[in-house]
Amino acid sequence: MTNVKYVLSILGQILFYYSCSISLTFFNKWCFSKFHFPLMVSFFQMSMIGHVVWFYRGITKPSGKDPISWEMFFKRVCPTAIAASMDIGLSNWSFMYITVSMYTMCKSTCIVFILIAAIIFRIEKPKLLSIVVIGLISLGLFMFTYKATSFNLFGFILVMSASAIGGVRWVLAQILLQRDSLGLSNTLEFVYYVNPVMVATIMPLALGMEGSDMLLAPNFILAERSQQLHIVMIVLVAAVLALLLTFSEYILLSNTSSITFSISGIVKEIAVLGLASTVGGDRLSGINMGGLVVCLTGISLHVYLKYQSTKGKYSCLNVMSYVM
């Protein structure tokens, strides 16, 4: 009976994660079609997550010496936070130009950049099978974008830049989260220190590129009170979904192995692509569908190889490759 309860509990956590992640993906796409300021929305989302985590830490953590020094904050935390902020900001910005299908496929290539960054930082050793994985995912992406009817070069550059930065982001996060001596192995503690730098990074970009345009937008400051309230509610819902996604990832990662989370990531991507095609109206050719299969094959091979190398042990690199 205990095993049944545990399985049902894990399934519930996976469904919660799916609901938050898929909902945020499609809601962001819809949100930015109504409110054309993705960087400002990203800034608001990060700020809200930060305030919630700060409040929670304030009521649960006793006063005492901070676990990290200023030197570690600038050398370890700041680079991780800057990369995370740019990853999220560019990802949201790309929704202005590309479809959900294109976004999902391009972001799945983050594994390639994680492998490359891990080799550069000497976390992983270069292997022939790793090259095969990179080749399969790259070939799949090329096939998926080949003569795509909705292809937009600027949006493609944005999402691929986000994917590349995301690879560096998760490798740096791995270093912080896996070393207990650094004092940030707890996810909430990690978010507490990383979030302020993320907000400080996205804020000048959001204000500089979108601040004045947002204030002068006909559907915001100059709009009627009801329309202003409507926009505020849309942005607020997006922020709440981002907050729920953060906590759903934390809950799932706390109670499952890396292989479970990785398989869940593959299933989620297939679900997003299926919904984008049936509900969102994204059109895919035979070559595009073949690219999807090739890319998912490369991702599945990567998950299998990581599982074989760790034999079920917790691997932050494997887990983080499917987050966001």
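Predicted, not measured: the structure shown is a model, and the values here were computed from it.

**Q** Tell me about the overall build of the protein chain, and please be specific about residues and values.
**A** Within the protein chain one finds 12 helices and 0 strands. Walking the protein chain from its N terminus toward its C terminus, one meets helices and strands in the order α-α-α-α-α-α-α-α-α-α-α-α. Counting only residues that meet the buried cut, the protein chain has 51% of its 324 residues in that class. Look at the contacts in the protein chain between residues 6 or more apart in sequence, and 86% of them connect residues 24 or more apart. As displayed, the protein chain has an accessible area near 15,700 Å², and 68% of this comes from carbon and sulfur atoms.

**Q** Can you explain the nonpolar core? Please cite residues and give values.
**A** Membership of the largest hydrophobic core comes to 66 residues, with the highest contact counts inside it found for Phe 35, Val 77, Cys 106 and Met 198. Top element by residues in this core is helix α8 (residues 187-215). It accounts for 11 residues. Core analysis: the second largest hydrophobic core is formed by 11 residues, Leu 115, Leu 292, Leu 296 and Ile 299 among them.

**Q** Account for the confidence of the model for the protein chain, naming residues and giving values.
**A** The predicted model of the protein chain averages 77 in pLDDT, with 77% of residues at 70 or higher. In the model of the protein chain, helix α12 (residues 316-320) stands out as the element of lowest mean pLDDT, 42, in contrast to helix α3 (residues 70-94), which has the highest, 90. Note on residues 312-324: pLDDT is under 50 here. Beyond four places in sequence and across chains, it has 52 contacts.

**Q** Requested: an account of the pattern of salt bridges, with residues and values cited.
**A** For the structure shown, the criterion picks out 3 salt bridges. Notably, a salt bridge pairs Asp 87 with Lys 107, separated by 2.6 Å at the nearest N-O pair. With Asp 87 in helix α3 and Lys 107 in helix α4 (residues 100-108), this pair connects stretches of sequence that are 20 residues apart. For Lys 107, a relative accessible area of 12% corresponds to the buried category. The closest approach of N and O atoms between Asp 87 and Arg 169, which form a salt bridge, is 2.7 Å. Pair noted here: Asp 87 is in helix α3 and Arg 169 is in helix α7 (residues 153-178), with a separation of 82 residues, a long-range link. Judged by its relative accessible area of 8%, Arg 169 is buried. Taken together, the salt bridges that share partners define one network made up of Asp 87, Lys 107 and Arg 169.

**Q** Account for the side chain of Asn 195, with residues named and values stated.
**A** With respect to the helices and strands, Asn 195 occurs in helix α8. A relative accessible area of 3% places Asn 195 in the buried class. In contact with Asn 195, not counting residues within four places along its chain, are Met 46, Ile 49, Gly 50 and Trp 54.

**Q** Lay out the packing of aromatic side chains with the relevant residues and their values.
**A** In the structure shown here, the tally under the stated rule is 10 aromatic pairs. Note on Trp 70 and Phe 74: the rings are 6.0 Å apart at their centroids and 25 degrees apart in plane angle, and the pair reads as stacked. With Trp 70 and Phe 74 both in helix α3, this residue pair falls 4 residues apart, about one helical turn. Comparing Trp 70 with Phe 74, the two get one shared label, exposed. Seen in terms of ring centroids, Trp 93 and Phe 154 are 5.6 Å apart; in terms of plane orientation they differ by 80 degrees. Their pairing is edge-to-face. Of this pair, Trp 93 sits in helix α3 while Phe 154 sits in helix α7, and the two are 61 residues apart along the sequence. Taking relative accessible area as the criterion, Trp 93 reaches 17% and is therefore assigned buried. Grouped by ring-pair contacts, the aromatic residues Phe 32, Phe 95 and Tyr 103 constitute a single cluster.

**Q** Before we move on, could you go through the packing of helix α2 (residues 38-60) against α3 and cite the residues and values that matter?
**A** For the pair α2 and α3, interaxial distance at closest approach is 8 Å and the crossing angle is 135 degrees. Between α2 and α3, the angle is such that the two are oblique. Every pair of crossing elements has a handedness; the one defined by α2 and α3 is right-handed. Here α2 contributes Pro 38, Leu 39, Ser 42, Gln 45 and Met 46 to the contact with α3, which in turn contributes Ser 85, Ile 88, Gly 89, Asn 92 and Trp 93.

**Q** Report on α4, specifying residues and quantitative values.
**A** Structural remark: α-helix, 3.6 residues per turn; residues separated by three or four positions point the same way. α4 sits mainly inside the fold: 9 of its 9 residues count as buried. Buried within α4 we find Val 100, Ser 101, Met 102, Tyr 103, Thr 104, Met 105, Cys 106, Lys 107 and Ser 108. Between the side-chain oxygen of the N-cap and the backbone nitrogen of Met 102 there are 3.2 Å, and the N-cap of α4 in question is Thr 99.

**Q** A description of the environment of Leu 245 should follow, citing residues and the corresponding values.
**A** When you line up the elements, Leu 245 lands in helix α9 (residues 225-255). On the accessibility criterion, Leu 245 (3% relative accessible area) is buried. A sequence separation of 228 residues divides Leu 245 from Tyr 17, and the C-alpha atoms of the two residues are 6.5 Å apart.

About the thresholds
- Residues numbered from 1 in each chain as written.
- Predicted model: local features only at pLDDT ≥ 70, side-chain atom pairs only at ≥ 80, totals over all residues.
- Heavy atoms only, no water.
- Helix = DSSP H or I, 4+ residues; strand = E, 2+ residues; numbered from the N terminus.
- Buried < 20%, exposed > 50% of the residue type's maximum accessible area, 1.4 Å probe, protein only.
- Contact = heavy atoms within 4.5 Å.
- Areas by Shrake-Rupley, 256 points an atom, 1.4 Å probe, with all protein chains shown as cover.
- Core = buried A, V, L, I, M, F, W, Y, C linked by side-chain atoms within 4.5 Å.
- pLDDT = per-residue confidence, 0-100.
- Salt bridge = Lys/Arg side-chain N within 4 Å of Asp/Glu carboxyl O.
- Phe/Tyr/Trp six-rings, centres within 6.5 Å; stacked < 30°, edge-to-face > 60°.
- Axes fitted to C-alpha atoms, helices over the stretch in contact; angles between N-to-C directions.
- Parallel < 35°, antiparallel > 145°, perpendicular 65-115°, else oblique.
- Left-handed = near helix turned anticlockwise from the far one by under 90°.
- Polar contact = N/O pair within 3.5 Å; in protein donor to acceptor, adjacent residues only side chain to side chain.

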